[in-house]
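Below, each chain spelled out in residue letters.
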Amino acid sequence: MIRLGRILQTSTGRWSVRWNDGFRPTLMVSGLRSTGVSRFRSSLVGNEGAKGDEDSVPLMNTQTHANLKSAFVAKCMAVVRAKYFEQIAEVEGDFEAAMAFQAAGQSSLAHALATMDTLEECGDPATDAEIGDSDLNLSMMSQSMRDEGDRILPEFAQVARNENLHDIAEWLDRSAAGSRRAADNLEQAMPLEMGDQGQ
């Protein structure tokens, strides 16, 4: 039987996956640094998953670090792919398939969050910048979105134009504009002194 559910964010800052058969593994966001064992990971694998003193072994620059970053990318891609396939199934009227894709996407989201939690000590998996409080994270995210909108996507758009793929180039231009707007919104949420530094 397929368990279907929703990812929920509660008022206390906890993430949870609520399944329709009553099974509810809770994924904790708040207070991650205060525990020796990741709350994301322990919620998925149980307390038996924490064995030995592995937290004392540095993860940074190991092959496992690289593997986890690859796994994180794969899980994030799976979330979007599952949602895309879910929408196709809904258009086709195949609601059983749509629910299966929904469940797969939610499972991938939970594991992507757990993988990012594991990588936290090494920094943001996309930029390697330090993960900290919300002010620091807003600054880091706005800078990466700004770079995406100002440099990365425009470069991709120019390549598409050089290859006479003009429709794709225009879409990449629109995507770049969206990234710049997202960066603007993130900067507006930053404390005033931090926002001034980002100008």
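Our subject is the structure that appears above.
Please read all numbers here as calculations on a predicted model, not as lab measurements. (Residues numbered from 1 in each chain as written. Predicted model: local features only at pLDDT ≥ 70, side-chain atom pairs only at ≥ 80, totals over all residues. Heavy atoms only, no water.)

(A) Quick look at helix H4 (residues 134-162). A rise of 1.5 Å per residue sets the reference length of H4, with its 29 residues, at 42 Å; its end C-alpha atoms lie 40 Å apart and thus fit the reference within 8%. Taken as a whole, H4 carries its principal kink of about 45° at Glu-148. Among all positions in H4, only Leu-138, Ser-139, Met-140, Ser-142, Met-145, Gly-149, Leu-153, Ala-157 and Ala-160 are buried. Within two residues after H4, Asn-164 carries a phi angle of roughly 60°, on the positive side. (Helix = DSSP H or I, 4+ residues; strand = E, 2+ residues; numbered from the N terminus. Expected span 1.5 Å × (residues − 1). Bend = angle between axes of the 7 residues up to and from the residue. Buried < 20%, exposed > 50% of the residue type's maximum accessible area, 1.4 Å probe, protein only.)

(B) The packing of aromatic side chains, seen in detail. Under the criterion given, the structure shown has two aromatic pairs. Consider the rings of Phe-85 and Phe-101, whose centres lie 5.6 Å apart with planes at 55°: the pair is tilted. One end of the pair, Phe-85, is in helix H2 (residues 63-92); the other, Phe-101, is in helix H3 (residues 95-119), and 16 residues separate them in sequence. Clustering of aromatic rings is evident, with ring pairs tying together Tyr-84, Phe-85 and Phe-101. (Phe/Tyr/Trp six-rings, centres within 6.5 Å; stacked < 30°, edge-to-face > 60°.)

(C) Quick peek at unusual backbone geometry. A positive phi angle, near 65°, is found at Asn-61, a position not held by glycine. Mapped onto the secondary structure, Asn-61 falls in the loop between helix H1 (39-45) and H2. Within the chain, Asn-164 stands out as a residue other than glycine whose phi angle is a positive 60°.

(D) Seen up close, the nonpolar core. Leu-153, Ala-157, Ala-160, Ala-169, Leu-172 and Ala-176 form the largest nonpolar core, which has six residues in total. Those elements giving two or more residues to this core turn out to be H4 and helix H5 (166-188). (Core = buried A, V, L, I, M, F, W, Y, C linked by side-chain atoms within 4.5 Å.)

(E) Examining the packing of H4 against H5 more closely. Running from amino to carboxyl end, H4 crosses H5 at an angle of 165°, the nearest separation of the two axes being 8 Å. Relative to H5, H4 is oriented roughly antiparallel. Helix-helix and strand crossings are classified by hand; for H4 and H5 the assignment is left-handed. Its residues placed into classes, the contact of H4 with H5 shows 15 nonpolar, five polar and eight charged. (Axes fitted to C-alpha atoms, helices over the stretch in contact; angles between N-to-C directions. Parallel < 35°, antiparallel > 145°, perpendicular 65-115°, else oblique. Left-handed = near helix turned anticlockwise from the far one by under 90°. Nonpolar A, V, L, I, M, F, W, Y, C, P; charged D, E, K, R; others polar.)

(F) Spatial organisation of H5. In this model H5 runs 33 Å from its N-terminal to its C-terminal C-alpha over 23 residues, within 8% of the 33 Å that 1.5 Å per residue would give. Residues of H5 that are buried include every one of Ala-169, Leu-172, Ala-176, Ala-177, Ser-179, Ala-183, Leu-186 and Glu-187, and no others.

(G) Structural view of the pattern of salt bridges. For the coordinates displayed, the defined rule picks out six salt bridges. In this structure, Asp-128 engages Lys-69 in a salt bridge whose closest nitrogen and oxygen atoms are separated by 3.0 Å. On the criterion of sequence distance, the pair formed by Asp-128 in the loop between H3 and H4 and Lys-69 in helix H2 is long-range, its members being 59 residues apart. Lys-69 gets classed as partly exposed once you look at its relative accessible area, which sits at 23%. Close ionic contact of Arg-161 with Asp-173 constitutes a salt bridge, the shortest N to O distance being 2.0 Å. Of this pair, Arg-161 sits in helix H4 while Asp-173 sits in helix H5; the two residues are twelve residues apart in sequence, bridging distant segments of the chain. Because the salt bridges share partners, they merge into one network encompassing Arg-146, Asp-184 and Glu-187. (Salt bridge = Lys/Arg side-chain N within 4 Å of Asp/Glu carboxyl O.)

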